[in-house]
Structures are given as C-alpha cells and as structure tokens.
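In case you want the letters, here they are:
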Amino acid sequence: MEKIHNVCVIGAGVMGRQIALNGAVSGFQVALTDSFPAALEKAGAWAKSYLTTSVEKGKMTQEEMEAALGRLTVDQTLEDALKQADLVIEAIIEEEEAKRELFTTVSKVAPAHAIVTSNSSYIPSSVFAPLFSDPGRLANLHYFNPAMRMKLVEIVRGAHTADETIETLKEFVSAVGKTYIVVNKEIEGFVVNRLLRAVQDEGYFLLENGIASFEDIDKGAELGLNYPMGPFRLMDLTGLDINYYNRQRHYKETGDEADRPPRALEERFLRGDYGKKTGKGWYSYE
Ligand SMILES: NC(=O)c1ccc[n+]([C@@H]2O[C@H](COP(=O)([O-])OP(=O)(O)OC[C@H]3O[C@@H](n4cnc5c(N)ncnc54)[C@H](O)[C@@H]3O)[C@@H](O)[C@H]2O)c1
C-alpha cells in the first residue's frame, strides 16, 4: 500500500497482539506497545509460538515466520511507537477515560498525516474527535476475536471522518487479507454486535419464558439456521462476564427495565461461571 507502511498498535491484550501480528504477517512494519511491560513480553512470546505452530502445520515457511517477526517490534515506548506511524490502532481496555487520556497523547505525538483508529466495540470515535485538530483522520476499525482468524473488519465512519480516510482503511483491511464492511453512521454496537444482540435477546426471551431450553435454542439456530454456533454456545466462547458487563452498561444508559441483564445470565455471572475460560458457563467443559 502506498499510504500505510508503519502501523502502531496500542494495547497488547487479546485483540491488540493479534491485530499486530496480522499486520506484520501481511508485510506491514508494526510497533506494538502497552502500558504494562509484562503484557508486551507475553504478546511477543505468543506471536512467536503462534507462528511456530503455523510453520509446523505447513501454513508458512521458517523464512516467512522470521521475516514477519522481524517486522513486529514489541519493546518500544508509546512515544517511540507513535513517531513513525502512518496508521494507529488503539486496542486498550474498554474504558472511555483511559482511551481519552491515550488519544490526548496520540493527538500530540503521532505524525500529522497518520490515520487514528479505535478497535473499541462500543465507544465511537466521535467521542475523541474534539481532541484532534484534524478529526477527518479518525474512525473506528473494529476487528473480531480471534483477529488472526476472523475475516471481517468493520470500518465505522463518524460524522467527522474524511472520505479519504475511509478509502485508505478499505485498502488497508484488504491488504491484511480481510473483508470490510462500512458502517456509514455511528450507532451503538455497529452492525455485527447489533445483529448478535437481536439473536441473543430472542434467545433470552424464549429461555426466560420457558418456551425452550438453552440447549434446544442453540440447536434451533445451528441446525435450523445453519449458524455455526447458537447464541448461548457462542456466549460461552466470548465470555458471559463480557456479555453481562455490556448489558449492564446498556441498562444503565437506557434505564429501561427491559434492558436489565436477564436473570439466568446474572445467576451465572455471580457464580463466576463465565464460559469456557472458567470451565463452565451455559455448558460445562470440565
Ligand atoms: N475481546 C474481544 O472479543 C474484543 C472484540 C472486538 C473488539 N474489542 C475491543 O478491543 C479493545 C481491547 O480489548 P481486549 O479484549 O484486547 O482487552 P484486554 O484487556 O485483553 O487488553 C487490553 C490491553 O490494554 C493495555 N492497556 C490498558 N491501558 C492502557 C494504556 N493506557 N496504554 C496502553 N495500554 C494499555 C492492558 O495492559 C492490556 O494489555 C477494547 O476496546 C474492546 O472493546 C474486544
């Protein structure tokens, strides 16, 4: 790509480390940074182990692996990582104040031409637009978990986002081997998480009203609609805690009793049954 050579990914957690490695494997020079050195160390080790497995499985050669790891830098400070950036992808914790503080630094340190994006699932880039002298370069770039494997990226246009930024992001997403959809207006949950919420809401309605068990609702979605996973099985994978927090936040915003987290979800959340990661959620994995 002509306009983007250097990418700075901020936040080396579940999403950031995968977004960064995907960029490096696709030929971009990527600087991954995090406020916790231990997270960076872990991300570096993870990247090496992920690509080693790819080589073992015959998906890439040893030389390709070394070249990709050579393009990924994991030991820079935020300021150093930002200096060369043509594209910034923020993937830190989902807290507005933490992101605001970070974007204040980004607006001062990143090169004037750099496109600045947030991978946030729910916080739209317009929240940060006042921090930038040129908010035309700002948008959401929303990857899905696991970002090395998931094919889709949502490009979300804010009222402030320039057409040129959207075009460059489309090129970038294609260059990292993924498919984009453009969300033309900011809306909570963008497109995919809204679709997911609609299916989950109906699943909860059927469950809470005793119409069907969660196992049968999943079977209905999987065998009747050809979904790879029903809504409850998918929640076990993504985490009941995340689902609970998102619903709690939405409920606080609307104050509508209909948006209160469903009882069956709350019970499991309070027991610490978060899904696969704890060995139990809707289903048991012990
Ligand atoms: N997990 C998902 O399934 C998923 C999917 C799509 C989008 N997202 C979005 O991606 C973002 C990151 O989510 P995650 O699941 O990777 O979180 P995570 O908790 O796994 O990782 C967050 C990382 O950010 C680092 N961090 C925190 N504050 C920082 C700061 N000020 N500067 C630099 N680094 C900082 C933490 O040390 C941590 O390593 C969130 O905005 C989330 O909404 C998550």
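Note that the structure is a prediction, hence the values are computed from the model and not measured.

Trainee: I'd like a rundown of the environment of Lys 83, residues and numbers included.
Mentor: Its place among the elements puts Lys 83 in helix α4 (residues 78–83). Here the side chain of Lys 83 touches Asp 80 through a polar contact of 2.9 Å, side chain to side chain.

Trainee: Could you give an account of the packing of helix α8 (residues 214–224) against helix α9 (residues 231–238), with specific residues and numbers?
Mentor: Contact geometry for α8 and α9: axes closest at 7 Å, N-to-C directions at 100 degrees. When the axes of α8 and α9 are compared, the pair comes out roughly perpendicular. In contact with Phe 214, Ile 217, Asp 218, Ala 221 and Glu 222 of α8, α9 contributes Pro 231, Phe 232 and Arg 233.

Trainee: Which residues make up the site of the ligand, and what are the values?
Mentor: Near the ligand there are 21 residues, and of these Met 15, Asp 34, Glu 94, Lys 99 and Asn 119 occur at the shortest range. Here an oxygen atom of the ligand and a backbone polar atom of Ile 92 are 3.3 Å apart. Asn 145 is positioned with one of its side-chain polar atoms (N or O) 3.3 Å from an oxygen atom of the ligand. Within the complex, the protein chains bury 77% of what would otherwise be the 830 Å² of accessible surface of the ligand. Looking at the shell around the ligand residue by residue, the class counts come to 10 nonpolar, eight polar and three charged.

Trainee: I'd like to hear about the sheet that holds strand β5 (residues 115–118), residue by residue, with values.
Mentor: Pairing between the strands of a sheet comes from backbone hydrogen bonds, and it takes one of two forms, parallel or antiparallel. Here we have eight strands laid out as an open sheet, ordered β3-β2-β1-β4-β5-β6-β7-β8, and mixed in their pairing. Strand pairing shows two members of the sheet lacking a second neighbour, β3 (72–73) and β8 (179–183), which therefore form its edges. The strands touched by helix α5 (residues 96–109) within the sheet are β1 (6–10), β4 (87–90) and β5, with β5 carrying the most contacts at an inclination of about 170 degrees.

Trainee: Tell me about the UniProt feature "site: Important for catalytic activity" (unreviewed entry) in the protein, and name the residues and values.
Mentor: Mapped onto this numbering, the UniProt entry annotates "site: Important for catalytic activity" (unreviewed entry) at His 142. Along the chain, His 142 turns up in strand β6 (residues 138–143). The class of His 142 is buried, set by a relative accessible area of 2%. With residues up to four places along the chain from it excluded, the contact list for His 142 reads Asn 119, Ser 120, Ser 121, Leu 152, Val 153, Glu 154, Phe 190 and Asn 193. A polar contact is formed between the side chain of His 142 and the side chain of Ser 121, at a distance of 3.0 Å.

Thresholds applied
- Residues numbered from 1 in each chain as written.
- Predicted model: local features only at pLDDT ≥ 70, side-chain atom pairs only at ≥ 80, totals over all residues.
- Heavy atoms only, no water.
- Helix = DSSP H or I, 4+ residues; strand = E, 2+ residues; numbered from the N terminus.
- Polar contact = N/O pair within 3.5 Å; in protein donor to acceptor, adjacent residues only side chain to side chain.
- Axes fitted to C-alpha atoms, helices over the stretch in contact; angles between N-to-C directions.
- Parallel < 35°, antiparallel > 145°, perpendicular 65-115°, else oblique.
- Contact = heavy atoms within 4.5 Å.
- Near = heavy atom within 4 Å.
- Areas by Shrake-Rupley, 256 points an atom, 1.4 Å probe, with all protein chains shown as cover.
- Nonpolar A, V, L, I, M, F, W, Y, C, P; charged D, E, K, R; others polar.
- Pairing = 2+ DSSP bridges.
- UniProt positions renumbered as here; feature names shortened; annotations may be inferred.
- Buried < 20%, exposed > 50% of the residue type's maximum accessible area, 1.4 Å probe, protein only.

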